[in-house]
Amino acid sequence: MKKLLSFFVVAALYSLPLSAQSDRWQQRAKYEMNIDFDAQKHQYKGTQKLVYTNNSPDTLIKVFYHLYLNAFQPGSQMDVRSRTIADPDARVKDRISKLSPSEIGYEKILSLKQNGKPLKYQVVGTILEVTLADKILPKTQHTFDLQFEAQVPLQIRRTGRNNSEGIDYSMAQWYPKMCEYDYEGWHSNPYIAREFHGIWGDFDVKITLDASYVVAATGYLQNPDKIGYGYSKKDVKHKAGEKLTWHFVAPEVHDFVWAADPDYKHDVVKVDDKLALHFFYQGDSLSRVWKEMQPMAVQAFKIMNEKFGRYPYKQYSIIQGGDGGMEYPMATLITGRLTLPALVSVTVHESIHSWFQMILGTNESKYGWMDEGFTTYAQNIVMAELFPTKLDPQRGSTASYRSLVKSGLEEPLTTHADHFNTNRAYSVASYSKGAVFLNQLGYIIGKEKLETGMKRYFNEWKFKHPNPTDLKRIMEKESGLELDWYWENFVGTTKTIGYGIKEVVSIGGKTDVVLAREGQIPMPLDVVVSYKDGSQENFYIPLEIMRGEKSESLYSKTTLLADWGWTYPEYTFTIDKNLADIERIVIDPSQRMADINPDDNVYPSLPKELPRLKGEKVQ
Ligand SMILES: [Zn+2]
């Protein structure tokens, strides 16, 4: 009873801000699933009761479900996409085309009813198209009862059986999942490899399978004393051949993942009184590196709680499985045979997705940069604390973005994840340019405003579907600046940033500095002048269209200059000192502005590298 009570208290607490903080409506789903799993055949039968609440002002005449496992069949859109894209994912390539009938994945619908009435439906690849018996009117609740059977595919991408490290079942995208309908309409995208969007709701899942398996999942286990396996202190003996039912409840999430393996070792480590991390990994050979990783994972959660907002659930599971690292609510599947820094890095990255996408539920198909990019940005910060370095933690993201620009393959961040022409353009845009976006936003509005803005973003948009404009409004309110020009250019286009010091001229005891805008995206400028007496002065040039100035405590002395109207190609300011007193002038020494060609940002210009002699070794 106590558990049940605490679930409802938690659910009530979580659902409160949904109506309180923003007036944008969102749909609600309550799933109850019962799964009977046959580990001999790698198949399962399931029943699903879905209580669907239409909070929209619209009347719905159709609904759609994702049937993700159908992607793992020869000739599927995912298979063909992988065989025709210029740079296929090495994990997929042509592997789907070679799956035999016993190795493919499928989800077959056996029956579907709405409020007890049988429904007409059609399976179109990975989408179930359903014609409703009863229209779903605004502000009404309807119940869908679905029976299905499914086969777990050989592990190709994210989900499946027998992954490369021998984990029996990595069960992601495994159940018929209602597509999200939001203020932008239906999102019934066929599954062709990447990115998800789901309805906020509650899951109650019972999984029955051979008692030799240890199960890890989203949510809280409801019957730990029957299960044992590290979930309770009691050592529970299970008979060979017996089946065991695992009962999980997950409040306020938009997906549910689970994994099962007979060899899982299960450790529980507390972050604090309110949060425990669960680790599932294959026994003794990995014990040393996984044990070494655990305190670092704890530390990562502490840093994230402090800098980006409190993780709201009581549990998070780091599960060996999948094919690299993939985030899910309250859990991640990661491959586990790694060196310590690599294992920590993937754990940190996936854990941070708890903030970006699992709590701040952006539609990652449309705005991948808001989850992968922001996760990468925070990962760079957390990793620099766990493995201290004097180097700029964001330098790798900036370098990777610059190299994509130079490759000519870049596409705008507004591109739907499925529609990028290459995997490289998608991944560098989402991961690296997304991280650069935030780092550079800190340059524009100031480091402190970015930090408080990110916390405000978390508090106002948790358990919802924030979009780029929602984030923009938060940052505008936080900084008092107009920021649409930054979103429009850096997100909506592939235009680039370029500034340079064109000329430095001595004029009667004073010095004129002529700056040139060489790129198409305008930016405010920090220009730091170092004098020969050892002092430094930052000349700050706001962009006129910001309608204000940043406040930032990065430099000891800052002189505010006149605004730069963005159409002017040049800007001149005067330093009240002799040219001979000036040691150096640098545009943006913090290097947070992603100038695509930073070579001309320094005066006097840095010596060009001497041409190397033939046969000379490069260090
Ligand atoms: Zn990620």
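Residues numbered from 1 in each chain as written. Predicted model: local features only at pLDDT ≥ 70, side-chain atom pairs only at ≥ 80, totals over all residues. Heavy atoms only, no water.

Engineer: Can you help me understand the overall build of the protein chain in this one?
Structural biologist: Within the protein chain one finds 11 helices and 31 strands. Compactness check: the protein chain gives a C-alpha radius of gyration of 27 Å against a globular reference of 25 Å for 619 residues, within 12% of the reference. With the C-alpha coordinates aligned to their principal axes, the bounding extent of the protein chain is approximately 90 × 55 × 50 Å. Counting the 619 residues in the protein chain, one finds 57% classified as buried. For the protein chain, the share of sequence-separated contacts (at least 6 apart) that also reach a separation of at least 24 residues comes to 70%. Of the roughly 26,000 Å² of accessible surface on the protein chain, a fraction of 52% belongs to carbon and sulfur atoms. (Helix = DSSP H or I, 4+ residues; strand = E, 2+ residues; numbered from the N terminus. Rg over C-alpha atoms; globule rule 2.2 N^0.38 Å. Buried < 20%, exposed > 50% of the residue type's maximum accessible area, 1.4 Å probe, protein only. Contact = heavy atoms within 4.5 Å. Areas by Shrake-Rupley, 256 points an atom, 1.4 Å probe, with all protein chains shown as cover.)

Engineer: I tried to follow the sheet that holds strand 19 (residues 264-272) on my own but got confused; where do I start?
Structural biologist: Taken together, 5 strands build an open sheet; the order of strands is 19-20-21-23-22 and the sheet is mixed. Sheet topology places strand 19 and strand 22 (325-328) at the edges, where each strand pairs with a single neighbour. The sheet shows a mean angle of 15° between the axes of neighbouring strands, direction not considered. Pairing of strand 21 (residues 315-320) with strand 23 (residues 331-334) involves 4 bridges; the strand directions are parallel. Bridge pairing in strand 23 links S317 to A331. Of the strands in this sheet, strand 19, strand 20 (275-282), strand 21 and strand 23 are in contact with helix 4 (residues 283-308), which crosses strand 20 at around 155°. Lying over the sheet, helix 5 (residues 340-352) contacts strand 21, strand 22 and strand 23, oriented at roughly 145° with respect to strand 23. (Pairing = 2+ DSSP bridges. Axes fitted to C-alpha atoms, helices over the stretch in contact; angles between N-to-C directions.)

Engineer: Is there a simple way to explain the nonpolar core in this structure?
Structural biologist: Nonpolar side chains in soluble globular proteins tend to end up buried together. Judged by nonpolar contacts, the single largest core of 180 residues is most densely connected at F144, W258, F356, F437 and L515. Looking at this core element by element, the count peaks at 12 residues for helix 4. Other than its neighbours up to four places away in sequence, F437 contacts W369, F374, L471, Y486, W487, F490 and V491. (Core = buried A, V, L, I, M, F, W, Y, C linked by side-chain atoms within 4.5 Å.)

Engineer: I keep staring at the domain arrangement of the protein chain and nothing clicks. Help me out?
Structural biologist: Where the parts come together, the accessible area they lose is often given as the size of the interface. Structurally, the protein chain comprises domain 1 (20-199), domain 2 (378-491) and domain 3 (499-603). Each partner contributes residues to the interface: domain 2 has 21 residues there, and domain 3 has 25 residues. Across the domain 2 to domain 3 interface the summed buried area is about 2,000 Å²; carbon plus sulfur atoms make up 59%. Of all residues in domain 2, R402, Y443 and W485 bury the most surface against domain 3, accounting for 37% of the area lost on that side. Counting the contacts that link domain 2 with domain 3 gives 0 salt bridges. Taken together, domain 2 and domain 3 are joined by 10 residue pairs in polar contact (both at pLDDT 80 or more). Those elements that place two or more of their residues in the side of domain 2 that touches domain 3 are helix 7 (395-407), helix 8 (423-445), helix 9 (447-461) and helix 11 (484-491). Of all the elements, helix 8 adds the most residues to the side of domain 2 that touches domain 3, at 7 residues. (Domains from an automatic or database assignment. Buried area = accessible area lost by both parts, 1.4 Å probe. Salt bridge = Lys/Arg side-chain N within 4 Å of Asp/Glu carboxyl O. Polar contact = N/O pair within 3.5 Å; in protein donor to acceptor, adjacent residues only side chain to side chain.)

Engineer: Got a minute to help me understand the environment of V344 in this structure?
Structural biologist: When you line up the elements, V344 lands in helix 5. Along the backbone, V344 and A297 are 47 residues apart, and their C-alpha atoms lie at a distance of 7.0 Å. Among residues more than four places away in sequence, those in contact with V344 are M293, M296, M383, L386 and F387.

Engineer: Would you take a moment to explain unusual backbone geometry for this structure?
Structural biologist: Excluding glycine, residues mostly carry a negative phi; peptide bonds, for their part, are mostly trans. Omega for the bond connecting Y603 with P604 falls within 30 degrees of zero, at -10°, which places this linkage in the cis form. With respect to the helices and strands, the residue P604 is situated in the segment after strand 31 (602-603). A positive phi angle is found at N162, which is not glycine, with a value near 55°. Located in the positive-phi region is Q591, a residue other than glycine, with phi close to 55°. Along the polypeptide, Q591 turns up in the loop between strand 30 (582-587) and strand 31.

Engineer: Would you mind showing me how to read the coordination of the zinc ion here?
Structural biologist: Under perfect tetrahedral coordination by four donors, a metal shows angles of 109.5 degrees; under perfect octahedral coordination by six donors, it shows angles of 90 or 180 degrees. Around the zinc ion, the protein contributes the donor atoms H349 (NE2), H353 (NE2), E372 (OE) and E372 (OE), which lie 1.9 to 2.8 Å from the metal centre. Bound by 4 donor atoms, the zinc ion shows angles of 52 to 158° at the metal and therefore irregular coordination geometry. Read in sequence order, the donor residues coordinating the zinc ion give the pattern H-x3-H-x18-E. For the pair shown, H349 and H353 are each scored as buried. (Donors = N, O, S within 2.8 Å, 3.2 Å for Na, K, Ca; no water. Tetrahedral: all angles 85-135°; square planar, octahedral: opposite > 155°, others 65-115°.)

Engineer: I tried to follow the packing of helix 8 against helix 11 on my own but got confused; where do I start?
Structural biologist: Relative orientation and spacing of two packed helices are given, respectively, by the angle between their axes and the distance between those axes. It is the contact of helix 8 with helix 11, at a shortest axis distance of 12 Å, that shows an interaxial angle of 155°. Between helix 8 and helix 11, the angle is such that the two are roughly antiparallel. The way helix 8 lies across helix 11 gives a crossing that is right-handed. Of helix 11, the residues touching helix 8 (which contributes K433, V436, F437, Q440, L441 and I444) are W485, Y486, W487, F490 and V491. Grouping the constituent residues of the contact of helix 8 with helix 11 by class yields 9 nonpolar, 1 polar and 1 charged. (Parallel < 35°, antiparallel > 145°, perpendicular 65-115°, else oblique. Left-handed = near helix turned anticlockwise from the far one by under 90°. Nonpolar A, V, L, I, M, F, W, Y, C, P; charged D, E, K, R; others polar.)

Engineer: Is there a simple way to think about the packing of aromatic side chains in this case?
Structural biologist: Where two aromatic rings form a pair, the distance of their centres and the angle of their planes describe that pair. Tallying each qualifying case throughout the model produces 52 aromatic pairs. Ring plane angle 65° and centroid distance 5.8 Å describe the contact between F420 and Y426, whose orientation is recorded as edge-to-face. Y426 matches F420 in its accessibility class, with the two residues each being buried. With a centroid separation of 4.9 Å and an interplanar angle of 15°, the aromatic rings of F437 and Y486 are classed as stacked. Of this pair, F437 sits in helix 8 while Y486 sits in helix 11, and the two are 49 residues apart along the sequence. (Phe/Tyr/Trp six-rings, centres within 6.5 Å; stacked < 30°, edge-to-face > 60°.)

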